[in-house]
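Residues per chain are reported as follows:
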Amino acid sequence: MKLLKRYTMIGIVFVLITGSLAHFVYDWSGKNHIVGLFTPINESVWEHMKLLFFPMLIYSLVMLLRFRKKYSCISSALCFGILAGTLLIPFFYYTYTYILGKNVFILDIFTFILSVIIAFGLSYKLSSTCIWQDYPAMSRRTKTYASLVCILVCILFVCFLVFTYHPPDAAIFQDPTMPAAARTCF
């Protein structure tokens, strides 16, 4: 349990650092289109969700390789954490901007930090408790839910790849720093 906790704490730091650096990698790469698939290409909320999603996905693979035999439900727990953390970014952002009527840079940073901590906290709790393995009658239903969570991560992965350069016409995909007339022309 201590080792899982240590890996979780390292994961939080890893995602905070790599996610923060990822914010600049697209520009550093000379706006390389492949790099843009995995890092933000603009200031939209959607693109900022990548700051948590991809670093946590990478670190989750490390945790999965290390702990899959000891914690039978770690893959679904990590997938749940990835989904929760990624979706918390727009939730927190739109909640605070609705209340304040504007966005505040320091709250954007806090949104990212809080989302990462919650994502790993949920993953840790679900991995370490693994409640359903003690209830054989629930195992089939639980395995279905676990599979669904992991499938949703895969779907979100594909959505990031597709919507990076072909975003739907919705507010979450719009770059607030871009003039309104140019927002639909990526």
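Rules behind the numbers
- Residues numbered from 1 in each chain as written.
- Predicted model: local features only at pLDDT ≥ 70, side-chain atom pairs only at ≥ 80, totals over all residues.
- Heavy atoms only, no water.
- Helix = DSSP H or I, 4+ residues; strand = E, 2+ residues; numbered from the N terminus.
- Buried < 20%, exposed > 50% of the residue type's maximum accessible area, 1.4 Å probe, protein only.
- Phe/Tyr/Trp six-rings, centres within 6.5 Å; stacked < 30°, edge-to-face > 60°.
- Core = buried A, V, L, I, M, F, W, Y, C linked by side-chain atoms within 4.5 Å.
- Contact = heavy atoms within 4.5 Å.
- Salt bridge = Lys/Arg side-chain N within 4 Å of Asp/Glu carboxyl O.

> Could you clarify how one ought to interpret unusual backbone geometry in this entry?
Most peptide bonds adopt trans geometry, and most residues besides glycine take a negative phi value. One non-glycine residue, Lys31, lies in the positive phi region at around 60 degrees. Mapped onto the fold, Lys31 is located in the loop between α1 (2-28) and α2 (33-38). By relative accessible area, Lys31 is classed as partly exposed at 48%.

> In this structure, what is going on with the packing of aromatic side chains? I would like to understand it.
Centre-to-centre distance and the angle between the planes together describe a pair of aromatic rings. Throughout the structure, instances matching the rule amount to 19 aromatic pairs. Where Trp46 meets Phe173, the ring centres are 4.9 Å apart and the plane angle is 45 degrees; that geometry is what we call tilted. Residue Trp46 is located in helix α3 (residues 45-67), and its partner Phe173 is located in the segment after α6 (136-165); the two are separated by 127 residues in the primary sequence. Of the two residues, Trp46 and Phe173, neither departs from the other in class, the shared state being buried. Summarising the aromatic geometry, the rings of Tyr93 and Tyr94 are spaced 5.2 Å apart at their centres and angled 75 degrees between planes, so their arrangement reads as edge-to-face. Tyr94 gets classed as partly exposed once you look at its relative accessible area, which sits at 33%. Taken together, the ring pairs in this structure connect Phe38, Trp46, Phe53, Phe54, Phe157, Phe160, Phe163 and Phe173 into an aromatic cluster.

> How should the nonpolar core be read in this particular structure?
Nonpolar side chains in soluble globular proteins tend to end up buried together. If you look at the biggest cluster of nonpolar residues, it comprises 31 residues, and the most contacted ones within it are Met63 and Phe120. Breaking this core down by element, the ones donating at least two residues are α1, α3, α4 (74-100), α5 (105-129) and α6. The residues contacting Phe120, other than those within four sequence positions of it, are Thr8, Gly11, Ile12, Val15, Met56, Tyr59 and Met63.

> So what exactly am I meant to see when it comes to the environment of Cys73 here?
By the secondary structure assignment, Cys73 is in the loop between α3 and α4. The spacing of Cys73 and Ala146 is 73 residues in sequence and 8.1 Å in space, taken between C-alpha atoms.

> Looking at this structure, I do not really get the pattern of salt bridges. What am I missing?
When the charged atoms of two side chains with opposite charge come close together, those side chains can pair. Summed over the entire model, instances satisfying the criterion amount to 2 salt bridges. Asp27 is paired through a salt bridge with Lys31; the nearest N and O atoms lie 3.9 Å apart. Residues Glu47 and Lys50 are paired through a salt bridge, measuring 2.7 Å at the closest nitrogen-oxygen approach. One end of the pair is Glu47 and the other is Lys50, both in helix α3 and 3 residues apart, which spans about a single turn. Of the residues examined, Glu47 reaches a relative accessible area of 1% and is grouped as buried. A relative accessible area of 1% places Lys50 in the buried class.

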